[in-house]
Amino acid sequence: MIKVLQVGEGNFLRTFADYYFDCLNKEGLDYGVNIIKPIPFGSLDKFKAQNNKYHIVLRGVKEGKIVEDVHKIDVLQKVISPFEEYDEYIALARDEELKLVVSNTTEAGICYNANDKIDGFAEITFPAKLTKFLLERYNAGLPGLYMMPVELIDNNADELYRCVMNYIELWNLPEGFKAWIDDENYFCNTLVDRIVAGYPRDEQTRNHLWELIGEEDALVSVGEPFGLWAVEKKGDIAQYIKEGTHGIDVVLTENIKYYKKRKVRVLNGSHTNLVPAGLWLGAKTVDQCMNDKLLCSFLQDTLNEEIIPFVSDDIAATTEFADSVTERFLNPYLNHQLISISLNSISKWRARDLPSFADYYNKYGKIPAHLTVGFSYLMCLYSSLTCEDGKFYANLPSGKVEYKDDLPYLQYFANGGDIVEFMKDEAVWGEDLTKYEGFAQAVENNVKEIKSGKVLL
């Protein structure tokens, strides 16, 4: 058996990676996925109640036809909370059949914290936990693993490797362990592409899906038919990751940069820039935005003028991909909630939109109008935050909605933090955003106009 350690139990990995490995099993191969909950919050009771079985439903347009394809997923072996089941978690590090590590801890999850202690666990970062996990495997005398993070940051595996190496130095771990990391482990950059709506929120859709499935399923997850996984080709990874179409299209490549840049900027970047405006104007889902003339035009203009020209020299190919993306956004089945997409919007805007913003500015010497408006709606949303009973709420014109991001950002704005000072924070953005001439003033003016009731699209 080829065992997979999966860090993250969320809808995306279950509707993407687990579906892929399950498809390989149905083709006659032998994979087993072991899910690890990355944070202490949340419960795994639903997995236990369903014996780690669940369904995904791929809904949308496939080859010109409306489809609702049901797939039962039974590739999961164990779903472990390492905070209560640490011994089971560490036993995986000593399992000879373990070959792959797949993670999805959001863009903010791959980071280094010099205050992390080697004897800590719940409070330390994911890369710190991974370093300890790999040390257990090294001490057991076992061969290394293939790390395949799917977090949407540039060179995600390279960044994960850098963090691991920093922890080795911070904790003064053996030179032999460091050499083992380099010689026997492979950190493979990846790109994933599938829109996942997840668990249906409305009763009518749930009942419809349960009827399709033939039973109630508290873990059912909805995704689109399209799926692409590009994985950097290193070592003998072709033994464990099979190319071709296996539920999703899988590509092993030695140059993943184009796939990643195209997807992150075109699909994710347009998503992230649209969502705050959509929320503020009362939309709840992506397809609602696409069926609204103002919001749809805003997205198309952002793509055509400020994103597509900076992806590659092949404008036609990028435009073709962008056209497929907008068609996918129109999928009426996904019910892709804007509030779900808005999770960790600050790190998402930095990773997905700031590069296009900077490229436009550097070429034309002025700020891009549509990305500036999108950022203004984002700052308008954050500056509306309030805290009630430990939860944070964005106060939209249509009412308040619970909002989630890194706690320091939420607290900053809930306590009346200044927008321009936040834009200056290089720890947040990687640079001082006010260096872009006219940006801070434009955002300040835009936020005032938005809050006065003006629509800037």
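Because the structure is predicted, anything quoted here is derived from the model rather than measured. (Residues numbered from 1 in each chain as written. Predicted model: local features only at pLDDT ≥ 70, side-chain atom pairs only at ≥ 80, totals over all residues. Heavy atoms only, no water.)

Structurally, the position occupied by R194 is in the loop between strand 9 (190-193) and strand 10 (196-198). Buried charge R194 goes without a salt bridge, the closest partner of opposite sign being E224 at 5.8 Å. A polar contact of 3.0 Å, which involves the side chain of R194, links it to the backbone oxygen of T15. Looking at R194, its side chain comes within polar contact range of the main-chain oxygen of P225, at 2.9 Å. For R194, the contacting residues outside a window of four places in its chain are F12, T15, F16, Y19, L58, E224, P225, F226, G227, G247, I248 and R328. (Helix = DSSP H or I, 4+ residues; strand = E, 2+ residues; numbered from the N terminus. Buried < 20%, exposed > 50% of the residue type's maximum accessible area, 1.4 Å probe, protein only. Lys, Arg positive; Asp, Glu negative; His and termini not counted. Salt bridge = Lys/Arg side-chain N within 4 Å of Asp/Glu carboxyl O. Polar contact = N/O pair within 3.5 Å; in protein donor to acceptor, adjacent residues only side chain to side chain. Contact = heavy atoms within 4.5 Å.)

Under the 1.5 Å per step criterion, the end-to-end length of helix 12 (residues 315-329) is 21 Å for 15 residues, consistent within 8% with the ideal 21 Å. In the core, the buried residues of helix 12 are packed alongside strand 9, helix 9 (257-280), helix 10 (286-290) and helix 11 (293-307). (Expected span 1.5 Å × (residues − 1).)

One open sheet holds the 4 strands; their spatial order is 9-12-14-13, and the pairing between them is mixed. The sheet is open, and its two edges are formed by strand 9 and strand 13 (244-246), each paired on a single side. Averaged over all neighbouring strand pairs, the angle between strand axes comes to 20°, with direction disregarded. Bridge analysis of strand 12 (residues 228-232) against strand 14 (residues 248-253) gives 5 bridges, and the strand direction is parallel. The residue of strand 14 that forms the bridge with L228 is D249. Packing of helix 9 onto the sheet brings it into contact with strand 9, strand 12 and strand 14, and relative to strand 9 it is tilted by some 40°. (Pairing = 2+ DSSP bridges. Axes fitted to C-alpha atoms, helices over the stretch in contact; angles between N-to-C directions.)

Here we take up the environment of K348. Here K348 lies in helix 14 (residues 345-352). When the C-alpha positions of K348 and N446 are compared, they lie 21 Å apart, and in sequence the two are 98 residues distant.

Contact pair helix 9 / helix 14: the axes reach a minimum separation of 9 Å and the direction vectors enclose 140°. By the criterion of interaxial angle, the relationship of helix 9 to helix 14 is oblique. The two elements helix 9 and helix 14 cross, and the hand of that crossing is left-handed. On the side of helix 9, the interface is formed by V264, R265, N268, G269, T272 and N273, while helix 14 contributes K348, W349, A351 and R352. (Parallel < 35°, antiparallel > 145°, perpendicular 65-115°, else oblique. Left-handed = near helix turned anticlockwise from the far one by under 90°.)

Attention now goes to the sheet that holds strand 17 (residues 399-402). The strands that make up a sheet are held in pairs by hydrogen bonds between backbone atoms, and each pair lies either parallel or antiparallel. Spatial strand order, 15-16-17: 3 strands in an open sheet with antiparallel pairing. Only two strands of the sheet have a single partner each, and these edge strands are strand 15 (386-388) and strand 17. Along the sheet, successive strands turn relative to each other by an average axial angle of 40°, direction set aside. In this sheet, strand 16 (residues 391-396) lies alongside strand 15 in antiparallel orientation, the contact comprising 3 bridges. Looking across to strand 16, one finds that E388 is bridged to K391. Together, strand 15 and strand 16 form the strand contacts of helix 17 (residues 407-414), whose direction differs from that of strand 16 by roughly 55°.

Among the 8 residues in helix 14, 7 count as buried, and that is most of the element. Those residues of helix 14 lying buried are S345, I346, S347, K348, W349, A351 and R352.

Moving on: the pattern of salt bridges. Applying the stated rule across the entire model yields 16 salt bridges. Notably, a salt bridge pairs K3 with E97, separated by 3.6 Å at the nearest N-O pair. On the criterion of sequence distance, the pair formed by K3 in strand 1 (residues 2-7) and E97 in the loop between helix 4 (86-93) and strand 6 (98-103) is long-range, its members being 94 residues apart. Overall, the relative accessible area of 13% leaves K3 in the buried class. E431 is paired through a salt bridge with K435; the nearest N and O atoms lie 2.8 Å apart. Residue E431 is classed as buried on the basis of its relative accessible area, which comes to 17%. With relative accessibility at 52%, the residue K435 sits in the exposed group. Ionic contacts of the salt-bridge type, sharing partners, join the residues K3, D95 and E97 into one network.

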